[in-house]
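These are the residues of each chain, in order.
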Amino acid sequence: MASLTRNVLLTFLCVLLGFACFSNAQLSANFYGTSCRNLQTIVSSAMRQAVNREPRLGASILRLFFHDCFVNGCDASILLDDTATFTGEKNANPNRNSARGFEVIDTIKTQVEAACPNAVSCADILALAAREGVVLLGGPSWAVPLGRRDARTASQSAANTQIPAPTSSLSTLLSMFSAKGLNARDMTALSGGHTIGQARCTTFRTRIYNDTNIDAQFAATRRATCPSSSGDANLAPLDIQTPNRFDNDYYQNLVARRGLLHSDQELFNGGSQDALVRSYSTNDAAFRSDFAAAMVRMGNISPLTGTNGEIRRNCRAIN
């Protein structure tokens, strides 16, 4: 009876707080406490080797997790390769020629399978790897709720329509995050993930040539390596000062009109998020705390649990 009462109360609370709570009730930070005790050590060690080899991979893995969670939940669907009979998400517009780090997840999965066969999902490995990448670049840590299972399907069409584009307006960003159960503060904090990593010229060309809310010297610097009609794959740091260190420089850049993507600068452009951006730009601790909390909430978007989905043996293919 007590258990039934608890479940009823929990369900009621979840209804009040939004759909993301439903998934949170089924995940646990110590889910693999007996079935794979060394899981976090394995992931941490492999990510350290990867980031030491190429610091950008910390940002790449974080982006993979974001793009995974925004398409039918955090279910590792983004890791699936296309085949003659299966269309995955890797060639969707937001991922084609830009999503990267898949081989790092492959390496971790191989090591985890050797230690704990058929126990740990690719979705949970990706969630843990994203956290480790942030930590290794100087960012905050958080307890990652675990217990996700892997999707047997993917949706290229959903990837094309549900992942925010670098040209998005503030209202579009707010709407797209809200559709996933994330509020405006979550959106602004998660956007701070752009304090690390690189972007391709094609994603910011319009910003540096056409936008008016941009620092002139910054625009000139970026135009030097991003021509108006070529060089689509040329890279530029999302945070011009410290692209390999997780800090609040991203928000300082927005205040100075040095956001690289149009969607970045939309967070500080006379709109509803200006005050929060200014706060994060001077209070790194507040940003770190909010980012960690928002990562947990994003990781709770519609996971497959229980008997749903599967535990893939190879993250690139359905069993």
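Going by the structure above, here's the rest.
A quick note: this is a predicted structure, and the numbers were derived from the prediction, not measured.

A.B. asks: Any chance you could break down the pattern of salt bridges for me, citing the residues and the numbers?
C.D. replies: Counting across every chain of the model gives 14 salt bridges. For D81, the salt bridge is made with R316, and the minimal N-O distance between the two is 3.3 Å. Note that D81 is positioned in the loop between α4 (56-69) and α5 (102-115) and R316 in the segment after α15 (284-299), a separation of 235 residues in sequence. Overall, the relative accessible area of 25% leaves D81 in the partly exposed class. For R316, a relative accessible area of 26% translates into the label partly exposed. In this structure, R205 engages D232 in a salt bridge whose closest nitrogen and oxygen atoms are separated by 2.8 Å. Separated by 27 residues along the polypeptide, R205 in helix α10 (residues 201-210) and D232 in the loop between α11 (216-223) and β2 (235-237) bring together distant segments of the chain. Assessed through its relative accessible area of 13%, R205 is described here as buried. The class of D232 is partly exposed, set by a relative accessible area of 37%.

A.B. asks: An account of the environment of D150 is needed here, citing residue identities and associated values.
C.D. replies: Checked against the element boundaries, D150 lands in the loop between α6 (122-136) and α7 (156-162). Here D150 falls in the buried class, since its relative accessible area comes to 0%. Sequence separation between D150 and G299 is 149 residues; the distance between their C-alpha atoms is 14 Å. In this structure D150 touches D75, A76, S121, C122, A123, L304, G309, E310, I311 and R312, once residues within four positions along its chain are discounted. A distance of 2.8 Å separates the side chain of D150 from the backbone nitrogen of A123, its partner in a polar contact. Polar contacts involving the side chain of D150 include one to the main-chain amide nitrogen of R312, which spans 3.0 Å.

Rules of the game
- The residue numbers shown here count from 1 along each chain, following its written sequence.
- Residues qualify for local features only when their pLDDT is at least 70, as the model is predicted, and side-chain atom pairs are given and counted only at 80 or more; totals for whole chains, interfaces and linings, by contrast, use all residues.
- No hydrogens and no water enter the side-chain calculation; it runs on all heavy atoms of the structure.
- A carboxyl oxygen of Asp or Glu within 4 Å of a side-chain nitrogen of Lys or Arg is what we treat as a salt bridge.
- Secondary structure elements are defined from DSSP: runs of H or I of at least 4 residues count as helices, runs of E of at least 2 residues count as strands, and each element is numbered from the N terminus.
- Note on classification: 1.4 Å probe, protein chains only; a residue is buried when its accessible area is under 20% of the maximum for its type, exposed when over 50%, partly exposed between these limits.
- Any pair of residues with heavy atoms lying within 4.5 Å of one another is described as a contacting pair.
- Polar contacts here mean pairs of N or O atoms no more than 3.5 Å apart (in protein, one a potential hydrogen donor and the other a potential acceptor; neighbouring residues in sequence count only if both atoms are side-chain atoms).

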